[in-house]
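# Close look at the chain arrangement
Here's the letter readout for the chains.
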Amino acid sequence: MSEGFQFKHFYVRHDRCAMKVGTDGVLLGALAEGAYEGTSKASENSEKRILDIGTGSALCSLMMAQRYPDAQIIGIEVDEEACSQAEQNVAQSPFKDRITIIHTSLQDFSNDGALFDSIICNPPFFEESLQCPDSQRNAARHATSLPYSILISRCKELLCDDGTLTIILPTSAIRRIEEECALNSLFIVKQLHIKTTERKQPKRTLLYIRQHPEPLVTISHILTEGGERSAWYADITKDFYL
């Protein structure tokens, strides 16, 4: 098993993390919004603040730090081993002065009243499915540790007025997120569907969620064709992949 993955500007070790560096994390790190295009009242005249929930190896935190050089980023992780490895990856990166890793769950995370311009999350996928014997992998993959209801309600509390929550999840889970957004007066403003080939149905979707309604934008993109990176995927990852 590979111990890590070399990107252009940083190296990510992931041998102590349940979820390894993969396409989902790369897509989230490359496409998540770091700040609303307008002016955020919560962060006016200050550095933008980004929260990475369930940072794992810190992959997305590192990608966001590269994309948004003026942002301060907090990555939270409930798994102790993954948290330790995330700290190591950040410490050995060019962005160590702008990323803070905290060993905590979202439920217990204390932000001392500070709000975030951007929240990103690659959440546990499965709310109702059989679990595997590996407890670390279960926590990373199954929503028993972070139910969608808590994820959305806590993000509502942590987002600034113009902030954006970006999450990637199975396309089949969109309905559950829509329900929780409705309960918390949040609005899905963009859906980015990811297909492996043009003929297949999308399996993954990025959702962009805000506190104010906007016309919904739905986009379908082809991730790969014939097992290779599509021109679109190559373009959005060109600043990261060697």
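No experiment lies behind these values; they were computed from the predicted model shown.

With that out of the way, let us pick up the overall build of the chain. Along the chain, the regular secondary structure elements total seven helices and twelve strands. Within the span of the chain, comprising 242 residues, buried residues form 51% of the whole. Considering only contacts within the chain whose residues lie at least 6 apart along the sequence, 73% involve residues at least 24 apart. By element, 49% of the accessible surface of the chain is carried by carbon and sulfur atoms, the whole surface being about 11600 Å².

Right, let's get into the sheet that holds strand β4 (residues 71–77). With respect to topology, eight strands assemble into an open sheet ordered β5-β4-β3-β6-β7-β9-β8-β10, the strand pairing being mixed. Of all strands in the sheet, those with a lone pairing partner are β5 (99–103) and β10 (217–222), marking the two edges. Looking at each pair of strands side by side, their axes are set apart by 15° on average, direction ignored. When strand β8 (residues 187–195) meets strand β9 (residues 204–210), the two strands line up antiparallel, connected through seven bridges. Each bridged residue has a counterpart across the sheet, and for lysine 190 the counterpart in β9 is tyrosine 208. Its contacts with the sheet place helix α2 (residues 59–67) against β3 (48–53), β4, β5 and β6 (116–121), and it is angled at close to 175° to β4. Across the face of the sheet, helix α6 (residues 174–183) comes into contact with β7 (159–170), β8 and β9 while running at roughly 170° to β8.

For the structure on display, the rule yields eleven salt bridges. Between arginine 154 and glutamate 157 there is a salt bridge whose closest N-O contact spans 2.6 Å. Note that arginine 154 and glutamate 157 are positioned in helix α5 (residues 148–158) at a spacing of three residues, about one turn of the helix. Among the ionic contacts, a cluster of salt bridges with common partners joins Glu3, Arg13 and Asp15.

This next bit is on the confidence of the model for the chain. Here the chain averages 87 in pLDDT, while 86% of its residues score no lower than 70. Low pLDDT, under 50, characterises residues 38–45; the predicted model gives this stretch ten contacts beyond four residues in sequence or across chains. Here residues 134–143 is a poorly scored stretch, pLDDT under 50, and it has 27 contacts once near neighbours within four places are set aside; other chains count.

Moving on: the packing of α5 against α6. Look at α5 against α6: their axes get within 9 Å of each other, and the N-to-C directions meet at 45°. Judged by the inter-axis angle, α5 sits oblique to α6. Crossing handedness for the pair α5 and α6: right-handed. Between α5 and α6, the residues in contact are Tyr148, Ser149 and Ile152 and Arg176, Ile177, Glu180 and Cys181, respectively.

For the rest of this paragraph, the subject is the pairing of β6. Judged by how many residues are buried, β6 sits mostly within the fold: six of six residues are covered. Here β3 pairs with β6 via four bridges, running parallel. Each residue of the ladder has a partner; that of isoleucine 50, found in β6, is serine 118.

Cut-offs used in this document
- Residues numbered from 1 in each chain as written.
- Predicted model: local features only at pLDDT ≥ 70, side-chain atom pairs only at ≥ 80, totals over all residues.
- Heavy atoms only, no water.
- Helix = DSSP H or I, 4+ residues; strand = E, 2+ residues; numbered from the N terminus.
- Buried < 20%, exposed > 50% of the residue type's maximum accessible area, 1.4 Å probe, protein only.
- Contact = heavy atoms within 4.5 Å.
- Areas by Shrake-Rupley, 256 points an atom, 1.4 Å probe, with all protein chains shown as cover.
- Pairing = 2+ DSSP bridges.
- Axes fitted to C-alpha atoms, helices over the stretch in contact; angles between N-to-C directions.
- Salt bridge = Lys/Arg side-chain N within 4 Å of Asp/Glu carboxyl O.
- pLDDT = per-residue confidence, 0-100.
- Parallel < 35°, antiparallel > 145°, perpendicular 65-115°, else oblique.
- Left-handed = near helix turned anticlockwise from the far one by under 90°.

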